[in-house]
Amino acid sequence: MICDDHPLVGQALAMTVETGFDARVTLATSFQQALDTVQRGGGTDLCIVDYHIPGEDSAAGLARLRQAIGAGKLLVFSGSESDDDLRIALASGADGFLPKSSPPEVIEAAVRLVLAGGRYIPQRVQELAFAGLPAARAVAPPPEVAPPLRPGPLTERQSTVLELLATGLSNKEIARQLGISPATVKAHIAQISALLKAHNRTEAVANAHLAGLI
């Protein structure tokens, strides 16, 4: 299910999904239409939803869809730059947040990651999700004492990718070993780097050693 109030955007996204997954895609232009279609059809594997649909309550619409699709996956697809919008999308129980500026290969990788049980969260959204309160950030440890790294839990697939990453394998080599696409490996590494507060793959491996993950 793809829900977007702009038919051309919905159709373009549908083509990307249909081509990459040989999937049957249903289009909706409102939260209510998407909800009615899901309930009438007995569910859906994945619902990709535009966050901003004119005249509709986005938070309520996402929450209702999340409940309706049950074990299905919910991926928010939006061009929003608002921090509040991003937080609401995460709080709705979405399995991922995909910017509308994403190229087709990233869209495909994000969809594969979500369908595999992962969560696609771009770096900026990750920072929002794990941001502390201003007061907490103001109390820093003494300069000579480094704060311990306490990353969020990695999925089983992320842990496997991290272990292979630590051996020095390239994205293509990791992809071949796991039987997935290099784009999916890239998405996993982006998630791992965000969780480990790393700016590149080398720093991600170093931080993983410090955290006792490998």
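The coordinates are above.
Our subject in this report is the structure included herewith. (Residues numbered from 1 in each chain as written. Predicted model: local features only at pLDDT ≥ 70, side-chain atom pairs only at ≥ 80, totals over all residues. Heavy atoms only, no water.)

1. Here we look at the pattern of salt bridges
The condition is simple: Salt bridges are identified by distance alone: a Lys or Arg side-chain nitrogen within 4 Å of an Asp or Glu carboxyl oxygen. Labels follow the DSSP assignment, with helices taken as runs of H or I lasting at least four residues and strands as runs of E lasting at least two, numbered in each case from the N terminus. A 1.4 Å probe rolled over the protein chains alone gives each residue an accessible area, and that area as a share of the maximum for its type sets the label: buried under 20%, exposed over 50%, partly exposed in between.
Applying the stated rule across the entire model yields four salt bridges. A salt bridge links Lys100 to Asp50; the shortest N-O distance between them is 3.3 Å. With Lys100 in the loop between strand 5 (96-99) and helix 5 (104-115) and Asp50 in strand 3 (residues 46-50), the pair connects residues that are 50 residues apart, well separated along the chain. Among the residues examined, Lys100 registers a relative accessible area of 29% and is labelled partly exposed. The partner of Arg112 in a salt bridge is Glu108, and the shortest N-O contact between them spans 3.0 Å. Remark: Glu108 and Arg112 occur in helix 5; sequence separation between them is four residues, near one turn of the helix. When salt bridges that share partners are traced, they join Asp4, Asp50 and Lys100 into one network.

2. Thoughts on the sheet that holds strand 1 (residues 2-3)
For clarity, the threshold we go by: Only strands that DSSP links by at least two bridges are regarded as paired with each other. We call two residues in contact when some of their heavy atoms are within 4.5 Å. Convention adopted: a line fitted to C-alpha atoms gives each axis, helices being fitted over their contacting stretch, and angles between N-to-C directions are expressed from 0 to 180 degrees.
In spatial order, the strands read 2-1-3-4-5; together these five strands make up an open sheet with parallel pairing. Strands at the two margins of the open sheet, each flanked by one partner only, are strand 2 (27-28) and strand 5. Examined bridge by bridge, strand 4 (residues 73-78) and strand 5 share four bridges and lie parallel to one another. Bridge pairing in strand 5 links Phe77 to Leu98. Along the sheet, helix 5 makes contact with strand 3, strand 4 and strand 5, crossing strand 4 at roughly 155°.

3. Description of the side chain of Ser30
Rules: N or O atoms closer than or at 3.5 Å make up a polar contact, with two conditions inside protein: a donor-capable atom paired with an acceptor-capable one, and, for residues adjacent in sequence, both atoms drawn from side chains.
In this fold, Ser30 is placed in the loop between strand 2 and helix 2 (31-41). For Ser30, a relative accessible area of 16% corresponds to the buried category. A distance of 3.0 Å separates a polar atom in the side chain of Ser30 from the backbone nitrogen of Gln33. With near-sequence residues (within four places) excluded, Ser30 lies in contact with Cys3, Ile53 and Glu56.

4. Some details on the pairing of strand 3
The buried fraction of strand 3 is high, at five of five residues. Across the two faces of strand 3 the burial is the same, with Leu46, Ile48 and Asp50 and Cys47 and Val49 all buried. For strand 1 and strand 3, the ladder comprises two bridges, and the chain directions are parallel. Of the residues in strand 3, the one forming a bridge with Cys3 is Val49. Note that strand 3 and strand 4 share five bridges and pair parallel.

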